[in-house]
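Working through the structure, step by step
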Amino acid sequence: PLVAFVPLFGMHCLNFTAMELEMPFGNDPNDLPLEKLQNKMNISLLMLIRDTSDHIAHIDAKAKRDPDEMRGGLRIGEGEGEGSRGMVADSSSE
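Not measured: the values here are computed from a predicted model.

Focus: the overall build of the chain
Broken down by element type, the chain carries three helices and zero strands. The order of helices and strands in the chain, counted from the N terminus, is α-α-α. Each of the 94 residues in the chain was classed as buried or not, and the buried ones make up 1%. Only carbon and sulfur atoms are counted for the fraction: they give 61% of the accessible area of the chain, which is about 9,200 Å².

Below, the structure written as structure tokens:
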């Protein structure tokens, strides 16, 4: 009896698992939360309708674009010792 019970029990467990995987939609506790997923999708789509979502990022005309010019604006080691703020001077320029 035990030799017949173990494989039969295993096959029933496999069948019930396959039934759950085959139909993940419904009201069971382990089913997919389709209502929540659909609401999140709708909110995301509604955000795309806004006028502000169509703006493209840009650089201000006054922004520094030259790396050497930007490096020259860094104040390294003023009064607190070099590297105290986590900034290290570029040794290749010396």
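Notes on a nonpolar patch on the surface
A contiguous nonpolar patch, built from Met23, Phe25, Leu32, Leu34 and Leu37 and spanning about 480 Å² of accessible area, is present on the exposed surface. Mapping Met23 onto the fold places it in the loop between α1 (2-22) and α2 (34-49).

A word on the environment of Asn30
By the secondary structure assignment, Asn30 is in the loop between α1 and α2. Along the primary structure Asn30 and Glu20 are separated by ten residues, whereas in three dimensions their C-alpha atoms are 8.8 Å apart.

Remarks on the side chain of Asp31
Turning to its location among the elements, Asp31 is positioned in the loop between α1 and α2. As a buried residue without a salt bridge, Asp31 has its nearest oppositely charged side chain in Lys36, at a separation of 13 Å. A distance of 3.4 Å separates a polar atom in the side chain of Asp31 from the backbone nitrogen of Asn27. In contact with Asp31, not counting residues within four places along its chain, are Glu20, Met23, Pro24, Phe25 and Gly26.

A word on the confidence of the model for the chain
Taken residue by residue, the chain gives an average pLDDT of 77. The fraction at 70 or more is 79%. Within the chain, the lowest mean pLDDT, 78, falls on helix α3 (residues 67-72), and the highest, 90, falls on α1. Note that residues 81-89 has pLDDT below 50 and, in this model, eight contacts with residues that lie over four places away or in other chains.

Cut-offs applied
- Residues numbered from 1 in each chain as written.
- Predicted model: local features only at pLDDT ≥ 70, side-chain atom pairs only at ≥ 80, totals over all residues.
- Heavy atoms only, no water.
- Helix = DSSP H or I, 4+ residues; strand = E, 2+ residues; numbered from the N terminus.
- Buried < 20%, exposed > 50% of the residue type's maximum accessible area, 1.4 Å probe, protein only.
- Areas by Shrake-Rupley, 256 points an atom, 1.4 Å probe, with all protein chains shown as cover.
- Patch = residues over 30% accessible without salt bridge, like charges linked within 9 Å, V, L, I, M, F, W, Y side chains within 5 Å.
- Salt bridge = Lys/Arg side-chain N within 4 Å of Asp/Glu carboxyl O.
- Lys, Arg positive; Asp, Glu negative; His and termini not counted.
- Polar contact = N/O pair within 3.5 Å; in protein donor to acceptor, adjacent residues only side chain to side chain.
- Contact = heavy atoms within 4.5 Å.
- pLDDT = per-residue confidence, 0-100.

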